[in-house]
Amino acid sequence: MAHGETHAVAGEASWDGGASPYAVGDKKLGMWLFICADSLTFAACLIAYSYVRLAAAEWPRPFASDSILNAIIMTAFLLSSSLTMVMAVAAAAADDRKRAVRYILLTMLGGIAFDILHLREWLGLIHEGVTPSSNPWGVPLFGATFFGLTGLHMTHVTIGVLYLGVIAIGFGRSKFSAEDVETSGLYWHFVDLVWMFIFPMVYLLSNKF
Amino acid sequence: MSINASHAKPATKLFVWVWAWLVLLTLVEVVFAYQHLALELMVVILLGLSLMKSALIMAYFMHLRFERLSLVLTLIPGLVILICLMFISFPDSVRIHQLTPR
């Protein structure tokens, strides 16, 4: 960066980024770019769901209060796992490896609990006769949008749990740096962020009064 | 407060506060979901609350508030514009809805 400053000439004064204009590491920047791309995938899925729902004459509202309660508990698990993940990132930055690994494991537990509750919900709906192409309430695309959206999200959570497992082992053995932990944290918070849209759009807008 | 410095590490207390707000906003969403409101109004309220929650997550949990502004400006405005462009499909779905015999 000092290089840019010493050779600054008139007309170049607005560029003060030096070799690292964003002041973040390449792994972190790469993860941010992936998150932007993945946001668009999820946005496209949510928009497709909204499109189908708006076009349909009558959209089913099958989620009774027990389903909504289940989804609230899932949300709580995901939000709390985000909190433990920030704690892990803070511990990693302070070079407290043991504490960071413990917090990453807690985060993974939150993700696993989320997956188990979500699968229970899925099995209940499948038992009621919901498939990607048909369901007992009419509008055939309900199942396609529900399983598509929540399935894509569940896949992200599952991959996240595996990713965090690799990071926990690697960071515990001093093979990975604090930046690796922070990068995996970005991914985990993104998964949490997406759920903040799926929960109201899919569950709350289809609740049974 | 030290959080204005570009690389200062925010405190645990701040993260717990953000988490508490996220839980609170989720519960507000649930309360709204059980009010008998028009669907359009409900969508606006729920999406508004969700945008607030995602802003909190990005700013504090994903550290964007503590990053250099150039990173935020590179990532976020383009993303928002691209997502808004997808809204172009909605007039078509409304048209299909109006054409459907009931």
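Residues numbered from 1 in each chain as written. Chains lettered and ligands numbered in written order. Predicted model: local features only at pLDDT ≥ 70, side-chain atom pairs only at ≥ 80, totals over all residues.

(A) Molecular detail of the overall build of chain B. Tallying secondary structure elements over chain B gives 4 helices and 0 strands in all. In chain B, the order of α-helices and β-strands from amino to carboxyl end is α-α-α-α. Against the globule reference of 13 Å for 102 residues, chain B gives a C-alpha radius of gyration of 19 Å, more extended than a compact globule. Across its three principal directions, the C-alpha atoms of chain B cover 60 × 35 × 15 Å. (Helix = DSSP H or I, 4+ residues; strand = E, 2+ residues; numbered from the N terminus. Rg over C-alpha atoms; globule rule 2.2 N^0.38 Å.)

(B) Representation of the packing of helix H2 (residues 26–55) of chain A against helix H3 (residues 69–85) of chain B. Packing of H2 of chain A against H3 of chain B leaves a shortest axis separation of 10 Å and a crossing angle of 15°. Taken together, the axis directions place H2 of chain A and H3 of chain B in an arrangement best described as roughly parallel. Relative to H3 of chain B, the crossing made by H2 of chain A is right-handed. Residue-level contacts link Trp-32, Cys-36, Ser-39, Leu-40 and Ala-43 of chain A of H2 of chain A to Leu-75, Leu-79, Leu-82 and Ile-83 of chain B of H3 of chain B. Per-class residue counts for the contact of H2 of chain A with H3 of chain B are 8 nonpolar, 1 polar and no charged. (Axes fitted to C-alpha atoms, helices over the stretch in contact; angles between N-to-C directions. Parallel < 35°, antiparallel > 145°, perpendicular 65-115°, else oblique. Left-handed = near helix turned anticlockwise from the far one by under 90°. Contact = placed C-beta atoms within 7 Å. Nonpolar A, V, L, I, M, F, W, Y, C, P; charged D, E, K, R; others polar.)

(C) Highlighting the environment of Phe-15 of chain B. In this structure, Phe-15 of chain B sits in helix H1 (residues 12–33). Linking Phe-15 of chain B and Leu-85 of chain B, residues 70 residues apart in sequence, is a C-alpha distance of 33 Å.

(D) Main features of the confidence of the model for chain B. Residues and elements named next belong to chain B. With 90% of its residues at a pLDDT of 70 or more, chain B has an overall mean of 88. Taking the mean pLDDT of every element in chain B, the minimum, 91, falls on helix H4 (residues 90–99) and the maximum, 95, on H1. Every residue in residues 1–7 is under pLDDT 50, and counting partners more than four places away or in other chains gives 7 contacts. As scored by the predictor, the complex reaches a pTM of 0.89 and an ipTM of 0.88. (pLDDT = per-residue confidence, 0-100.)

(E) Spotlight on the interface of chain A and chain B. Contact residues are listed per partner, giving 37 residues for chain A and 37 residues for chain B. When contributions to the side of chain A that touches chain B are tallied by element, the ones reaching two or more residues are H2, helix H3 (65–93) and helix H6 (178–203) of chain A. If one sorts the elements of the side of chain A that touches chain B by residue count, H3 of chain A sits on top with 11 residues. Broken down by class, the residue content of the side of chain A that touches chain B amounts to 30 nonpolar, 6 polar and 1 charged.

(F) Up close: the nonpolar core. With 66 residues, the main nonpolar core has Val-86, Ala-88, Ala-100, Ile-104, Val-194 and Ile-198 of chain A as its most contacted residues. Going through the elements one at a time, H2, H3, helix H4 (97–127), helix H5 (141–172) and H6 of chain A together with H1 and helix H2 (39–61) of chain B are the ones with two or more residues in this core. For this core, the element with the most residues is H6 of chain A, which contributes 16 residues. When residues no more than four places from it in sequence are discounted, the contact partners of Ala-88 of chain A are Ala-100, Tyr-103, Ile-104, Thr-107, Val-181 and Gly-185 of chain A. (Core = buried A, V, L, I, M, F, W, Y, C linked by C-beta atoms within 7 Å. Buried ≥ 20, exposed ≤ 12 C-beta atoms within 10 Å, placed from the backbone.)

(G) Up close: H2 of chain B. Here H2 of chain B contains 23 residues, and its C-alpha end-to-end distance of 31 Å stays within 8% of the 33 Å for a straight helix at 1.5 Å per residue. Buried within H2 of chain B we find Leu-46, Ser-50, Lys-53, Ser-54, Leu-56, Ile-57, Met-58, Tyr-60 and Phe-61 of chain B. Buried residues along H2 of chain B sit against H3 and H6 of chain A together with H1 of chain B. (Expected span 1.5 Å × (residues − 1).)

(H) Structural detail: unusual backbone geometry. All names here are of chain A. Even without being a glycine, Ala-23 presents a positive backbone phi close to 55°. Locating Ala-23 in the fold gives a position in the loop between helix H1 (2–6) and H2. The phi dihedral of Ser-174 falls on the positive side, at around 65°, and the residue is not glycine. Checked against the element boundaries, Ser-174 lands in the loop between H5 and H6. Residue classification places Ser-174 among the exposed residues on the basis of 8 C-beta atoms within 10 Å.

(I) Highlighting the environment of Ala-91 of chain A. Residue and element names in this part refer to chain A. As for its placement among the helices and strands, Ala-91 is situated in helix H3. Each C-alpha atom of the pair Ala-91 and His-153 lies 28 Å from the other, and the pair is 62 residues apart in sequence. Those residues in contact with Ala-91 that lie beyond four places of it in its chain are Asp-96, Arg-99, Ala-100 and Tyr-103.

(J) Structural context of the packing of H3 of chain A against H1 of chain B. Two elements in contact, H3 of chain A and H1 of chain B, have axes whose closest approach is 10 Å; the angle formed by their N-to-C orientations is 165°. With respect to H1 of chain B, the axis of H3 of chain A lies roughly antiparallel. The crossing of H3 of chain A and H1 of chain B is right-handed. Between H3 of chain A and H1 of chain B, the residues in contact are Ile-68, Ile-72, Thr-75, Ala-76, Leu-79, Leu-83, Val-86, Met-87 and Ala-90 of chain A and Thr-12, Phe-15, Trp-19, Leu-22, Val-23, Thr-26 and Val-30 of chain B, respectively. Here the contact of H3 of chain A with H1 of chain B is built from residues that sort into 13 nonpolar, 3 polar and no charged.

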